[in-house]
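Analysis of the macromolecular model
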Amino acid sequence: MQRWPVLLFLAWVCFLFFTGIGLFMSGFLLTRIELTSSSSCSDPLAPPPWERQSLPPGSCWAPQRFSKAVLVIIDALRFEFARFNPAKASPLPYENKLSFLHHLTTSQPRHARLYRFRADPPTATMQRIKGLTTGSLPTFIDVGSNFATYAIQEDNLLAQLVQNGRRVVFMGDDTWEGLFPNKFFRSYFFPSFNVKDLHTVDDGILQHLYPTVDSGEWDVLIAHFLGVDHCGHKHGPDHPEMAKKLTQMNEMLRSLVDHLGNDTLLLVAGDHGMTETGDHGGDSEKEVNAALFVYSKTSLFGTDPPEVDRFLRSYSLVAQDLPVEQLQRLQELFSSAVEEHTQFLAQVHGTTLVPPEMESQLGSLISRFQLYLREARAVCTQSWARFRPLRMMGGCTLIATSCLLCYVESDSFYRVCLLYPLLWGLVVAVLLVLARAFTQEGPDLLLVSSWAAAASQLFFFWHWWGRHPKRARLAGSQPPMASVGLRQRIQAWLGLAFPMGILLFRCGAMFSDSFVVAEARVAPFLLASLVMLLVGKLHWDGHLTVSEGPKQQLVGFSSYRKEVWYLLCFVAVLLVCVRLSGFFHQCREEIPQCRPSLFLSPLASLRNTQAKNFFYLLCVALLAGLVYAVRSWLRHYGNLNSSDPLVLFVRWGFPLVVLCIACYWAVASSADDCLGKLQELLQVAVVAFPWAVYGLAAVGLLLLLCNPMTVLAKNTWESAESIVTPYLGAPTSEVDLLRVIPQIYKRMQASQKSRLERGSCRATVAAYGLGSVYSAALVIALTLLGFLLMLLHSERLSLAFLLLFLEAFVLLHIHTCARGLAGDAEPFSVPWYAVISWLLAASQFFYSTGHQPIFPAIHWNAAFVGFNFDHSTNLLPAVLVGANTFASHILFAVGCPLLLLWPFLCEMPSSQRKKPKEPQEELQEVEEHMMEMRLRESPEKFSSALLQLGLKYLFVLGTQLLACVCAAMILRRHLMVWKVFAPKFLFESLGFMVSSVCLLLGISLVMRVDCAVSTWFSQLQLR
């Protein structure tokens, strides 16, 4: 078996796709241009209305009204959280809790105001901090660095404060430390990433807030509270914990106001809002609606409206690439609006109320200012963020040609074609080394990799075109159409048209925002449709009935083959699984009537103790049932008979893993209900049990990698059974005699026969589990991965994972039954319908495990399963969150080789088929029991089959990715591009990368088992 050529070829194809993704992403994701210039108090500006007036000391451009300012940021403070409605008799947990704000606005209307603050999306914390401090618009790709902050280089509020000698004190979210290093006079940073921790950041701020305010050693104080945001992520807004957290914030504000002086301005703001599920990151109405509260002990709002003055001169000097007409248009809009504003102020000067006849004039003035702001924002967006069409076209072309390569590749010469990409990779490496030796920075690595990938593809297709004759290129491996009948031609076309039609329909749906939004229902429908079309095609081809004459056809149901009923039963079970998987869905904001599944929330959020206990016992019982089913399957095929370390781990390690997961679920669901030392003990257990699962799974995977053989070898001369089989009935002497004596007689007869034949017969070895050795290794690996992935999800989502395993098992049997009924003459080739249905199931369970291709639906709490502290690096949380998000992609990609192995595993022995006995019946039975060992009879076909399966899998994945890329590129000016198409492209790209890597791991595991089998046979021959 050629192992390394297959893996290297698949790795090269994955590299081609990765390069195309990177090239397209560099052109599609907007790049924001930052202005490096910084303002100062000495800059010449337009004459202010207070010219010829002397500014107070410490003023810059405008008179100073306050000597100190306190900015309190309550993360995710939605406007509804701050608004107080006295008419509500029974408010929700997040309503009417900030009563102190209402008290200030009603008792001191000239000192306090509450505003509705509109946050620019994406509504992630780091992007909102950037927007608040720089006044710039965050871009879509900035959301990817929400947990990998980089120092702000452009002009910002904190830099201006420090530049003008102000003492800035900060306490709270440590995101500010990465954005503004060495900018604070004093700072108290607390870890912010652990969304399960509701109190560490807030309690740390409260410990330092009041002493710092009373000390007076500050000019600007910033306090960033995170408890409300973390409570939303953990429990949602409609939870008693949210009421407690908002009440704590209310008491904090009440005490803070008592400590403030008369010369201090207080600002209380939310950086963004929160959805009904406690998430944020998008641009829905509840995510962009935040609260802004302003208060001072001196009067803030008098009778004279404040003067507003803006200018574009400084921006026009640095935005030289903008059209002059746009800048002139903005200047004209602003000048006319300011002129009208000045006239309006002169008319209302000295009046306390606006006259009714001037209300229309005021509305017109407001509309003109709003028009100016909208157009100014559009100009800034156009200047700061731009597409790169050439890179987008290049990336799309690379992905398209890679899909074509996967489709046309033949298994006859892949080792020769592999020399070209390896040669070009070596040439590129040499060029990079030389470029970095002669230049300081070197060329763009992405561009160089893209050119190398394109050149290697070009030489590959040139080599493929030269080696294939014209007739073979046109007809492929199919027989000439002239030599077959019309029915055979239709059957051949339908065999490919049905699965490819389903695939093309799904790819075409990527261009519709409505289909992308509803894909959680589209993918299961397409999977069920494909399976039903498969059954219909088998019936059309006449494979479901017994063709033994006209008399058989008149019997009715008896004319159908026996295997048909097995197939229909599996199809029925599949449809039930598809229907049940819809109970584990997550909602998108585009579907307002949708309500998220109750199974997504952890058990700790349940208030009913009986319901919590019921679901806990159900999850543990089904998890134990999964272990029982896996062990029963392995025992059925003889893979649990040996005493190797891996087999012992399956026997005892699997139940231990289930026990640790059950204990973790128990302590995690009750950790918040305990007090004192018991709570401290539970906090230790919440960390210890996941690490025990991680350790046991790592040991199991290591044992699987070192020795994947689950085979027991015994000499046929030795007794495989005891003379008397154990009896578990009542110990009566009559029954014992009736059982024991015949068994002893049969055993003596068999022993005497073996002695007579031993002289003429050669000793043989009976190998238990050898016929399923490849599948057994994959099943063990998938079970261990399933344990890890279930640990990263909430407890009740383990039911969805059990449905996943059941549906995968049913799909494998449907594929096997369909091939058996069709009488496939190419057992080493996996049909297209099997690969496409396998990937549709992966997409289906992406949604059925509580995910959506949007950032608010990411399960960030997975990063802290087994960790009670903040991570020192972003790599580990990224791996945990990625494994949680793409769990179905991982399992189906690793289990993809089962599509090739399962039909060999489920061979029907001759003893179960009604055939007349032949002289060589015994030899035929031995051959038919070989199962997966048939693959070793043709090592070249085995390796080619693995290569073809991997290429088909990558083709289907790549076609879906290509559809998302084309949709994002063509619809880049669409209204929903950043809400629907761009997130879908990013999630599809990441899913492709995860699936391709896991596919390589699954095929590598099969090849590792094959290597171990070869070693086992070589050792057997030396005996």
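Starting afresh in each chain, residues are numbered from 1 along the sequence in its written order. Side-chain atom pairs in this predicted model are given and counted only at pLDDT of 80 or more, local residue features only at pLDDT of at least 70, and totals for whole chains, interfaces and linings cover all residues. Working from all heavy atoms in the structure, the side-chain values ignore hydrogens and water.

**A look at the overall build of the protein chain**
Check the secondary structure of the protein chain and you find 36 helices and eleven strands. Residues counted as buried form 48% of the 1023 residues belonging to the protein chain. For this analysis, residues touch if any pair of their heavy atoms sits within 4.5 Å. Of all intrachain contacts in the protein chain linking residues separated by at least 6 positions in sequence, the fraction that spans at least 24 positions is 79%. Surface exposure here means Shrake-Rupley accessible area, sampled with a 1.4 Å probe, where a residue is shielded only by the protein chains that are shown. Total accessible area computed for the protein chain in this model is approximately 49900 Å², and 62% of it derives from carbon and sulfur atoms. Segments assigned H or I by DSSP are reported as helices when at least four residues long, segments assigned E as strands when at least two residues long, and all are numbered from the N terminus. Each residue gets one of three labels from its accessible area relative to the maximum for its type: buried under 20%, exposed over 50%, partly exposed in between, using a 1.4 Å probe on protein chains only.

**As for the sheet that holds strand S4 (residues 168-173)**
Taken together, the seven strands give an open sheet; going across it, the order is S3-S8-S7-S2-S6-S4-S5, and neighbouring strands pair in mixed fashion. A single partner strand is all that each edge strand has here, and the edge strands are strand S3 (112-118) and strand S5 (186-190). Each adjacent strand pair in this sheet contributes to an overall mean axis angle of 10°, direction not counted. Angles here are taken between N-to-C directions and fall from 0 to 180 degrees, while the axes themselves are lines fitted to C-alpha atoms, restricted in helices to the stretch in contact. Contacts from helix H7 (residues 200-215) reach S4, S5 and strand S6 (220-225), with the element oriented near 160° to S6. Together, strand S2 (68-74), S6, strand S7 (264-269) and strand S8 (289-296) form the strand contacts of helix H9 (residues 240-259), whose direction differs from that of S2 by roughly 175°. Two strands are said to pair when DSSP picks up at least two bridges between them.

**Side note on helix H23 (residues 562-581)**
Its 20 residues place the ends of H23 30 Å apart at the C-alpha level, agreeing with the 28 Å of an ideal helix rising 1.5 Å per residue. Listing the buried residues of H23 in full gives Val 564, Leu 567, Phe 570, Val 571, Leu 574, Cys 577, Val 578 and Ser 581. Summarising the axial view, the buried residues of H23 lie within an arc of 140°, below the 170-degree limit, and thus occupy one face. Looking at H23, the residues exposed on the side facing more than 90 degrees away from the buried face are Lys 562 and Arg 579. Residues of H23 that are buried make contact with helix H21 (519-540), helix H29 (798-822) and helix H30 (832-848). For a helix, the expected span equals 1.5 Å multiplied by the number of residues minus one. It is the directions from the helix axis to the C-beta atoms that the arc portrays.

**What about the nonpolar core?**
To form a nonpolar core, buried Ala, Val, Leu, Ile, Met, Phe, Trp, Tyr and Cys residues must be joined to one another through side-chain atoms within 4.5 Å. Residues Phe 28, Phe 787 and Tyr 953 are the most contacted members of the largest nonpolar core, which totals 198 residues. With 20 residues, helix H35 (residues 939-970) is the single largest residue contributor to this core. Leu 98, Phe 100, Ala 112 and Leu 260 belong to the second-largest nonpolar core, a separate cluster that totals 44 residues.

**A closer look at the pattern of salt bridges**
Just to be clear on terms, a salt bridge is a Lys or Arg side-chain nitrogen sitting within 4 Å of an Asp or Glu carboxyl oxygen. Evaluation of the coordinates by the stated rule reveals 14 salt bridges. Between Asp 202 and Lys 245 there is a salt bridge, and its shortest N-O distance comes to 3.3 Å. Placement of the pair is Asp 202 in helix H7 and Lys 245 in helix H9, with a sequence separation of 43 residues. Relative accessible area serves as the criterion here: at 3%, Lys 245 is assigned to the buried category.

**A look at helix H3 (residues 99-107)**
Count 3.6 residues to each turn of an α-helix, and residues three or four apart come out pointing the same way. Buried within H3 we find Phe 100, Leu 101 and Leu 104. Across the axial projection of H3, the buried residues extend over an arc of 105°, all falling on one side. Next to the buried residues of H3 lie helix H2 (79-82), S3, H9 and S8.

**Comments concerning unusual backbone geometry**
Most of the time, phi is negative for any residue but glycine, and the peptide bond is trans. Positive phi values are uncommon outside glycine, yet Ala 76 reaches one of about 65°. On the basis of relative accessibility, which here comes to 0%, the residue Ala 76 falls in the buried class.

**Here we look at the side chain of Thr 212**
Within the secondary structure layout, Thr 212 lies in helix H7. Contact partners of Thr 212, with chain neighbours within four places excluded, come to Val 169, Met 171, Tyr 188, Trp 218 and Leu 221.

**Some details on the environment of Leu 961**
Positionally, Leu 961 belongs in helix H35. On the basis of relative accessibility, which here comes to 0%, the residue Leu 961 falls in the buried class. With 454 residues separating them in the primary sequence, Leu 961 and Cys 507 have C-alpha atoms 8.5 Å apart. If we skip the residues at most four places from it in the chain, Leu 961 touches Ile 21, Ile 399, Glu 988, Ser 989 and Phe 992.

**Considerations on the confidence of the model for the protein chain**
Scored from 0 to 100, pLDDT records how confident the predictor is in each individual residue. Residues of the protein chain with pLDDT of at least 70 account for 76%, and the chain-wide mean is 80. In the predicted structure, residues 143-149 sits below a pLDDT of 50 and forms 19 contacts with residues beyond four places in sequence or in another chain. Confidence drops under a pLDDT of 50 for residues 303-320, and excluding neighbours within four residues, the segment shows 25 contacts in the predicted structure.

**Quick word on the pairing of S8**
Of all eight residues that make up S8, seven are buried, and the element is covered over most of its length. The pairing of S3 with S8 spans seven bridges and is classified as antiparallel. Within S8, the position partnered with Arg 113 by the bridge is Val 294.

**Topic: the state of the cysteines**
Formally, a disulfide is one covalent bond, and it connects the sulfur atom of one cysteine to the sulfur atom of another. By disulfide we mean two sulfur atoms from cysteines, separated by a distance within 2.5 Å. Going through the model one piece at a time under the given rule, you end up with one disulfide. The side chain of Cys 587 participates in a disulfide bridge whose partner is Cys 594; the two sulfur atoms lie 2.0 Å from each other. For the disulfide bridge between Cys 587 and Cys 594, the dihedral angle about the S-S bond is near -70°, and by the sign convention the bridge is left-handed. Assigned by exposure class, Cys 587 and Cys 594 land together as buried.

**A short note on the packing of aromatic side chains**
Where two aromatic rings form a pair, the distance of their centres and the angle of their planes describe that pair. Working definition: rings of Phe, Tyr and Trp (its six-membered ring) pair if their centres are within 6.5 Å, and the pair is stacked with planes under 30 degrees apart, edge-to-face with planes over 60 apart, and tilted otherwise. If you walk through the whole model with that rule in mind, you get 37 aromatic pairs. With a centroid separation of 4.8 Å and an interplanar angle of 55°, the aromatic rings of Phe 17 and Phe 992 are classed as tilted. Of this pair, Phe 17 sits in helix H1 (residues 4-28) while Phe 992 sits in helix H36 (residues 977-1021), placing them 975 residues apart in sequence. One exposure class covers both Phe 17 and Phe 992, and it is buried. Ring centres 5.4 Å apart and planes at 70° place the aromatic pair Trp 832 and Phe 955 in the edge-to-face group. Taken together, the positions of Trp 832 in helix H30 and Phe 955 in helix H35 put the pair 123 residues apart, joining distant regions of the chain. Side by side, Trp 832 and Phe 955 carry an identical accessibility label, which is buried. These aromatic residues form a ring-pair network of at least three members: Phe 170, Trp 176, Phe 180, Phe 184 and Phe 189. Either the NZ atom of lysine or the CZ atom of arginine qualifies as a charge over a ring when it sits within 6 Å of the ring centre and within 35 degrees of the ring normal. In this structure, Arg 78 is placed above the aromatic ring of Tyr 94, and the distance from its NZ or CZ to the ring centre is 5.2 Å.

**Describing the packing of H21 against H30**
Each pair of packed helices gets described by two things: the angle between the helix axes and the distance between those axes. Remark: H21 packs on H30, axes separated minimally by 9 Å, with the N-to-C direction vectors making an angle of 155°. One finds that H21 runs roughly antiparallel with respect to H30. By crossing handedness, the relation of H21 to H30 is classed as left-handed. Contact residues: H21 offers Glu 519, Ala 520, Ala 523, Pro 524, Leu 526, Leu 527, Leu 530 and Leu 534, while H30 offers Tyr 833, Ile 836, Ser 837, Leu 840, Ala 841, Ser 843, Gln 844 and Tyr 847. Of the residues contributing to the contact of H21 with H30, the split by class is twelve nonpolar, three polar and one charged. Throughout this description, any angle smaller than 35 degrees is read as roughly parallel, any larger than 145 degrees as roughly antiparallel, any in the 65 to 115 degree range as roughly perpendicular, and the remainder as oblique. We call a crossing left-handed when the near helix sits turned anticlockwise from the far one by less than a right angle, and right-handed when that turn is clockwise. Amino acid classes used here: Ala, Val, Leu, Ile, Met, Phe, Trp, Tyr, Cys and Pro are nonpolar; Asp, Glu, Lys and Arg are charged; the rest, including Gly, are polar.

**What to know about the environment of Gly 165**
Structurally, Gly 165 is set in the loop between helix H5 (157-163) and S4. A residue is classified by how much of its surface remains accessible, and Gly 165, at 55% relative accessible area, is exposed. Along the sequence, Gly 165 and Asp 219 sit 54 residues apart, while their C-alpha atoms lie 9.4 Å from each other.

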